[in-house]
Amino acid sequence: MTADQGEGTEKGKIDRRAMWFAMLLVAGVALAFRLPSCRESFWLDELHSAWAVADRFSDVAPRAAAGNQTTGYFHLLWAWSALVGPGELPMRMSSVLASVLASVLLVVGVTWRTGKTSAGAVAGAVLAIDPNGVFFGCELRAYAFVMLYAVLAVWSMMAWLGPSSERLDPGARNGSCPGGARWRLAMLFWICVAALVHPTSLGVLALLVPLAVPVAWKWRRLRLWRADLIAGVIVSATLAALAMSSLPESWQRRGLWKAFGQATTWWQLWYAWSWVPIVMLPVGAAAVTFLARRLVFSLRPDPTGHGDGLRRHADWIGVLPGLAGAIGTVLFFCASYFEWVPLWHRRYFVAALPLMAWTAGESCAICVAAVGGMLRRWSGQRSDANRIMTRAIGIALAVLLVGHMLWYQGTLQTLAAGRWPVQWRGEHWRGAVAAVRKEIRDGDVVWLDSQLIEASFLRQPISSVGSIPDRQWEYLAFPLRGPYRLDPVVVVGAYEHESWMKHQLENLPRPGARVWLISRSGVRSSERLIERLNRSRSVSAEQVFPGRPVVYRLDFGG
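Keep in mind the model is a prediction, meaning the values are calculated, not measured. (Residues numbered from 1 in each chain as written. Predicted model: local features only at pLDDT ≥ 70, side-chain atom pairs only at ≥ 80, totals over all residues. Heavy atoms only, no water.)

Observations regarding the overall build of the chain
Within the chain, the regular secondary structure consists of 27 helices and five strands. Split into buried and exposed, the 558 residues of the chain put 54% on the buried side. In the chain, the proportion of contacts linking residues at least 24 apart, taken out of those at least 6 apart, comes to 80%. Within the structure as shown, the chain displays about 24100 Å² of accessible surface, and the carbon and sulfur contribution to it stands at 63%. (Helix = DSSP H or I, 4+ residues; strand = E, 2+ residues; numbered from the N terminus. Buried < 20%, exposed > 50% of the residue type's maximum accessible area, 1.4 Å probe, protein only. Contact = heavy atoms within 4.5 Å. Areas by Shrake-Rupley, 256 points an atom, 1.4 Å probe, with all protein chains shown as cover.)

The following block contains the structure:
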């Protein structure tokens with residue numbers, strides 16, 4: 001590698017001071033974008049996480065399984081909650097730190113591979129500022145860790161396929177050392193870890209394998225070593241663990257996922273990600289500058305015959321992660337749109353975002369290398385001025401790409417209006433419970449309508465449902481069984497069958513009981529439920545907390 005391949009570096013060495021500055025900058029931005037979104041109360045999915053880890057360690061696995069989740073993440077979260085407590089900010093910091101680390105690793109990984117700090121900064125910034133990266137990066141669920149493991153998996157893949165900018169030794173290039181096998185093992189290990197945390201991540205991360213194998217074969221990086229046997233054991237153990245987990249049982253209930261995971265129009269695919277600033281603009285700019293470089297080189301041949309040292313195969317394989325992310329997104333859309341399985345929600349394919357961020361950074365590196373090569377060819381020499389100019393181009397390109405992303409996603413407009421961009425979930429369980437606690441008295445009952453898909457049986461007659469196990473009722477009451485606890489709780493549904501309504505009225509502790517209805521279904525649905533109640537039994541209702549969930553105080557006549 002020649003000196004021109006780094007930004008302000010010599011002999012291919014990475015400018016570590018610049019890289020550390022980029023790491024700190026991206027980490028600071030990622031924290032600044034995430035912490036303000038941690039102030040609101042937990043929303044429904046997060047309440048399941050908080051309830052799953054609220055009590056004994058032995059309760060974690062069955063509670064996670066009740067919510068159609070594998071248990072690996074929740075065991076880690078239990079240990080974290082024991083360390084920091086049950087508060088919203090301390091608990092969410094587990095996800096915040098994981099997503100910030102993922103952004104920083106993108107900076108290091110892309111810089112390590114391309115030798116260009118500006119490219120690493122672009123990759124890290126994409127994950128740090130993207131609204132979806134922020135939303136899932138501070139949510140009390142497994143998705144931040146999925147993004148972290150995705151970064152580690154793609155870094156391992158890129159290290160397997162091509163050596164870094166600082167390790168271009170012939171042994172690494174021709175595959176005569178076992179390093180490729182070790183990196184293959186690392187890639188498969190992190191894919192398996194992500195699968196254990198959230199099985200749907202395989203729909204994206206597993207694509208790295210078929211995309212990488214042909215490249216590895218072409219560049220003689222597919223030689224088998226002992227590490228491949230270990231990789232086989234890890235993959236087999238992961239598949240066995242998933243088979244013995246709650247995944248098969250969740251799969252049997254996949255019909256319930258249509259309530260939130262059904263794709264209905266092709267426009268949903270376009271709005272899945274901000275394709276223009278994350279993928280189309282960086283890759284398009286890389287393609288244009290690369291073709292322009294070839295044109296300049298054809299018009300002005302190198303008199304020395306040494307070329308410009310551009311590693312074409314190592315640069316363009318940086319498109320593979322983004323390709324895996326894009327294909328994975330399309331596969332999830334098609335699976336839902338054609339009604340194979342309703343999995344159309346970003347949470348299922350969130351691993352695609354850091355993969356596309358990696359490709360955005362690699363594309364920036366291609367642009368900088370191509371423009372730098374053209375400058376050197378026209379000037380006819382490799383001067384310090386050209387290196388300084390190349391570095392300036394890298395910084396300018398990074399600012400343009402990140403700035404365009406901030407503008408495209410509306411973040412600049414929000415800042416210009418004097419507001420900080422936050423990702424609200426819009427559910428105020430803390431406030432709703434506080435309103436009830438302020439007035440609740442002995443003998444009162446709390447009716448909870450959490451709108452969980454697992455409570456859909458309430459729409460059927462009691463006689464056709466059969467016996468519901470206690471653990472199912474316990475699960476359906478989890479929003480008021482974790483940090484926002486109320487007692488006693490009865491699970492209801494805004495659209496429940498008349499037989500369930502009659503059963504709940506008959507089981508009130510006294511004829512003139514006062515009931516607190518906490519409903520996630522909204523004001524109109526709650527008022528319809530109250531009207532139906534009034535037809536069966538005289539009741540007066542008063543809304544005591546607006547928003548979602550809404551709270552009504554119901555006073556039944558004697």
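Things to note about the environment of Arg220
Within the secondary structure, Arg220 sits in the loop between helix H12 (208–218) and helix H13 (226–243). The class for Arg220 is exposed, based on a relative accessible area of 62%. Distance in space between the C-alpha atoms of Arg220 and Leu161 is 9.0 Å, their sequence separation being 59 residues.

Comments concerning the packing of aromatic side chains
Inspection of every chain in the model, using the stated rule, returns 31 aromatic pairs. Pairing Phe57 with Trp78 gives two aromatic rings, centres 5.1 Å apart and planes at 75 degrees, and the pair type is edge-to-face. Within this pair, whereas Phe57 is found in the loop between helix H2 (44–52) and helix H3 (60–66), its partner Trp78 is found in helix H4 (residues 72–84), the two being separated by 21 residues in sequence. Of the residues examined, Phe57 reaches a relative accessible area of 42% and is grouped as partly exposed. Since its relative accessible area comes to 27%, Trp78 is described here as partly exposed. Cluster of aromatic residues (ring-pair linked, three or more members): Trp266, Trp273, Phe332, Phe333, Tyr337, Phe338, Trp340, Trp344 and Phe349. Sitting above the plane of the Phe135 ring, Arg425 keeps its charged end 4.2 Å from the centroid. (Phe/Tyr/Trp six-rings, centres within 6.5 Å; stacked < 30°, edge-to-face > 60°. Lys NZ or Arg CZ within 6 Å of the ring centre and 35° of its normal.)

Points about the side chain of Gln409
One can find Gln409 in the loop between helix H21 (384–408) and helix H22 (411–416). There is a polar contact of 2.7 Å between the side chain of Gln409 and the side chain of Asp130. Not counting chain neighbours up to four residues away, the residues in contact with Gln409 comprise Ile129, Asp130, Pro131, Ser274 and Ile278. (Polar contact = N/O pair within 3.5 Å; in protein donor to acceptor, adjacent residues only side chain to side chain.)

Thoughts on H4
For H4, built from 13 residues, the straight-helix expectation of 18 Å at 1.5 Å per residue is met to within 8% by its first-to-last C-alpha distance of 19 Å. Where H4 is concerned, the buried positions are Tyr73, Phe74, Leu77 and Ser81. Taken down its axis, H4 places every buried residue within 85 degrees of arc, on the same side. Of the exposed residues in H4, the ones pointing more than 90 degrees away from its buried face are Leu76, Ala82 and Leu83. Gly85, located one to two residues past H4, shows a positive phi value of around 95 degrees. (Expected span 1.5 Å × (residues − 1). Arc of directions from axis to C-beta.)

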